[in-house]
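The chain contents come next:
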Amino acid sequence: MRLRELNPLEIGHYGYIVNKAEVYKSSLGFTPQIVTPIATKSNELICYNQEVFLEPVEGVGVIFLSEEEVPQKMYLFDRAILLKPNVWFCVLPYHCEFRYHIFAQGEKSVRHVDDVLTAQGIYPKIKVDTIYTVLYQEKDRFFDFHGEKHPFWELTYVDSGSMICTVDQVEYELKQGDMIYFTPYQFHSQRNASKDALSFFTVSFDVNLDDLALLGNRVIRADTTMHKLLRDILTEYNMDMLFSNEMILSSLVQLIILSIRAVKNNRAYSSIPTRVSLNMKSELISRCVRLVDENIGYKLTADFLSKKLSVSPSYLSKLFRQEMGMGLSEYVKERRLELARHHIKQGNYTITQISDMLGYCSVCYMSTEFKKRYKLTPSEYSKSVNFDAVAAKKK
């Protein structure tokens, strides 16, 4: 389970961050109960039908928060918080002695969960034990390798040209940007599939992957991120810098994980451009991103931005999605919401002013989009990040 940060945006629908805990505790008239949890695991969540004050005192702990019938989330419990009524929670130590304050009134309820709650950290499931070879090869049109098999994994990536790989008497064609994994003891041969020169990159390794069908016997189309990881492996190998072996291992693990995701999601990727072309396109997208920020208050369309960049709208839209992993309009929407959240947190403008600044057609529309993205309305978020100031005014 991923450990999250306790911040107003994350827990706005659960409660509030209490920055002035001493002031809050003095308003209670007595010291809250102090608790020292012993167990490092639990399958219970509790809640009260009134507000609950919680404050870490010593050590490091985690807190699980959940609403009714909603999966719990784990947060680093390093700040005082005030939970709303009927919010389910569980507090556990984080691999050390831990104590915390709690002030709770009202009726207490207990709920059992199927998953064991524990602050166990992250334990990688995929591990590359050894890399045997990292080799970049350039072959002429007569290249024809008779074949081999070995007790380790092998990855072949075609950087230019095309190749026929025969695996257990089944032929696979790899074009530029394609890669294939050969599983342990799998016989495979390779030959040039065209009259042009052939360049390909090979890595052989051991990995604790028991399900061979995850990657074996299939051609995978690399995306831009995979392409970069392959280049990083080759660069680190050739440069032989400090901790290059560790960098190669790290990149290879990422590549394997992305390959598995691609297979699971049945993704198809466009061709990988050459290094020079990739740099030119990246610069174009960087200019596009700057234009979005500079003109965020205007109506931003592919037509408007493409004219500024002297390219066609269709080319810009296709390239933006390829480089950024999302559509142009989707990026503009996300960027406006990020800036809206920033301005609300700063507190220098009203919500109406922020809506106008960011080019929303109305405050109502901005509020609707904001709640879809952050689960809170702009007003609710403003209250959550300024809880202490609001509480002080009430007093």
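Thresholds applied
Residues numbered from 1 in each chain as written. Predicted model: local features only at pLDDT ≥ 70, side-chain atom pairs only at ≥ 80, totals over all residues. Heavy atoms only, no water. Helix = DSSP H or I, 4+ residues; strand = E, 2+ residues; numbered from the N terminus. Rg over C-alpha atoms; globule rule 2.2 N^0.38 Å. Buried < 20%, exposed > 50% of the residue type's maximum accessible area, 1.4 Å probe, protein only. Contact = heavy atoms within 4.5 Å. Areas by Shrake-Rupley, 256 points an atom, 1.4 Å probe, with all protein chains shown as cover. Lys, Arg positive; Asp, Glu negative; His and termini not counted. Charge placed at Lys NZ, Arg CZ, Asp CG, Glu CD. Pairing = 2+ DSSP bridges. Axes fitted to C-alpha atoms, helices over the stretch in contact; angles between N-to-C directions.

Turning our attention to the overall build of the protein chain. The helix and strand inventory of the protein chain stands at 12 helices and 20 strands. At 28 Å, the protein chain has a C-alpha radius of gyration far larger than the 21 Å of a compact globule built from 395 residues. Each principal axis of the C-alpha distribution contributes one length, and for the protein chain these read about 85 × 55 × 40 Å. Buried positions account for 45% of the 395 residues belonging to the protein chain. By sequence separation, contacts in the protein chain at least 24 residues apart represent 76% of the contacts at least 6 residues apart. Carbon and sulfur atoms provide 50% of the accessible area of the protein chain, an area that totals close to 21800 Å². Of the charged side chains in the protein chain, 48 are positive and 47 negative, and the gap between their average positions amounts to 7 Å.

You can see His112 is positioned in strand E11 (residues 108–118). Sequence spacing of His112 and Ser42 is 70 residues, and the spatial spacing of their C-alpha atoms is 9.1 Å. Look past the residues within four positions of His112 in its chain and what remains in contact with it is Asn43 and Glu44.

What follows deals with the sheet that holds strand E10 (residues 99–104). Through backbone hydrogen bonds, the strands of a sheet pair up, either in parallel or in antiparallel fashion. The antiparallel open sheet is built from five strands, whose spatial order is E2-E8-E5-E10-E3. In the strand order of this sheet, the two ends are held by strand E2 (15–17) and strand E3 (33–35), each with one partner. Taking each pair of neighbouring strands and ignoring which way they run, the sheet shows an average axis angle of 25 degrees. Relative to the sheet, helix H2 (residues 21–28) contacts strand E5 (52–58), strand E8 (81–83) and E10, its axis offset from that of E5 by approximately 125 degrees.

Here the focus is the pairing of strand E7 (residues 73–77). Regular strands have side chains that alternate between both faces of the sheet. Sheet topology places strand E1 (residues 3–4) next to E7; two bridges connect them, and they run parallel. By the bridge assignment for E7, Arg4 is matched with Tyr75. With five bridges joining them, strand E6 (residues 61–66) and E7 adopt antiparallel strand pairing. Each residue of the ladder has a partner; that of Gly61, found in E7, is Phe77. Between E6 and E7, which pair antiparallel and follow one another directly, the connecting turn spans six residues, one of which, Glu69, has a positive phi of 65 degrees.

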